[in-house]
Amino acid sequence: MKIKEVRELDTKDLEERLQTEIAKYNQLKFNHSVSPLENPSEIRATRRSIARMKTVLRERELNK
């Protein structure tokens, strides 16, 4: 998810999407530890997407 897409979401949707991404990330890590993933770079992409979402949420919190 690109930063532009993240900024377009409202705060409530962004928090829900963040929880979904965190769950996806944990599942990917677990699956990769059991047997190697076909595309391990998906773990990195998910982690970076989570970071983008957290950054935007923090910016909104500070701008209140």
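From a predicted model like this one, the values you see are computed outputs, not experimental measurements.

Novice: How do you make sense of the overall build of the chain when you look at a structure like this?
Specialist: Counting its regular elements, the chain contains three helices and zero strands. With the C-alpha coordinates aligned to their principal axes, the bounding extent of the chain is approximately 45 × 15 × 15 Å. Within the chain, the proportion of its 64 residues that are buried is 20%. Accessible area of the chain: about 5,000 Å², with a carbon and sulfur share of 49%. For the chain, the distance from the average position of its 15 positive side-chain charges to the average position of its 11 negative side-chain charges is 6 Å.

Novice: Sorry, what's going on with the nonpolar core here?
Specialist: Within soluble globular proteins, side chains that are nonpolar generally end up buried alongside one another. Judged by nonpolar contacts, Val 6, Leu 14, Leu 18, Tyr 25, Leu 28, Ile 43, Ile 50, Met 53, Val 56 and Leu 57 together constitute the single largest core of ten residues. Elements that contribute at least two residues to this core include exactly helix H2 (11-34) and helix H3 (41-62). With five residues, H3 is the single largest residue contributor to this core. Apart from the residues lying within four places of it in its own chain, the contact partners of Leu 28 are Leu 37, Glu 42, Ile 43 and Thr 46.

Novice: What is the right way to read a negative patch on the surface from this model?
Specialist: A surface patch of negative charge is lined by Asp 10, Asp 13, Glu 15 and Glu 16. Relative to the helices and strands, Glu 16 resides in helix H2. The exposure class of Glu 16 is partly exposed, given its relative accessible area of 47%.

Novice: Before we go on, may I ask you to explain H3 in this structure?
Specialist: Residues three or four positions apart in an α-helix share a direction because the helix packs 3.6 residues into each turn. The end-to-end C-alpha separation of H3 is 32 Å, in line with the 32 Å expected for 22 residues at 1.5 Å each. Looking at H3, one finds that the buried residues are Ile 43, Thr 46, Ser 49, Ile 50, Met 53, Val 56 and Leu 57. Buried residues of H3, seen end-on, are gathered within an arc of 155° and therefore sit on one face of the element. Elements that come into contact with the buried residues of H3 comprise helix H1 (3-8) and H2.

Cut-offs applied
Residues numbered from 1 in each chain as written. Predicted model: local features only at pLDDT ≥ 70, side-chain atom pairs only at ≥ 80, totals over all residues. Heavy atoms only, no water. Helix = DSSP H or I, 4+ residues; strand = E, 2+ residues; numbered from the N terminus. Buried < 20%, exposed > 50% of the residue type's maximum accessible area, 1.4 Å probe, protein only. Areas by Shrake-Rupley, 256 points an atom, 1.4 Å probe, with all protein chains shown as cover. Lys, Arg positive; Asp, Glu negative; His and termini not counted. Charge placed at Lys NZ, Arg CZ, Asp CG, Glu CD. Core = buried A, V, L, I, M, F, W, Y, C linked by side-chain atoms within 4.5 Å. Contact = heavy atoms within 4.5 Å. Patch = residues over 30% accessible without salt bridge, like charges linked within 9 Å, V, L, I, M, F, W, Y side chains within 5 Å. Salt bridge = Lys/Arg side-chain N within 4 Å of Asp/Glu carboxyl O. Expected span 1.5 Å × (residues − 1). Arc of directions from axis to C-beta.

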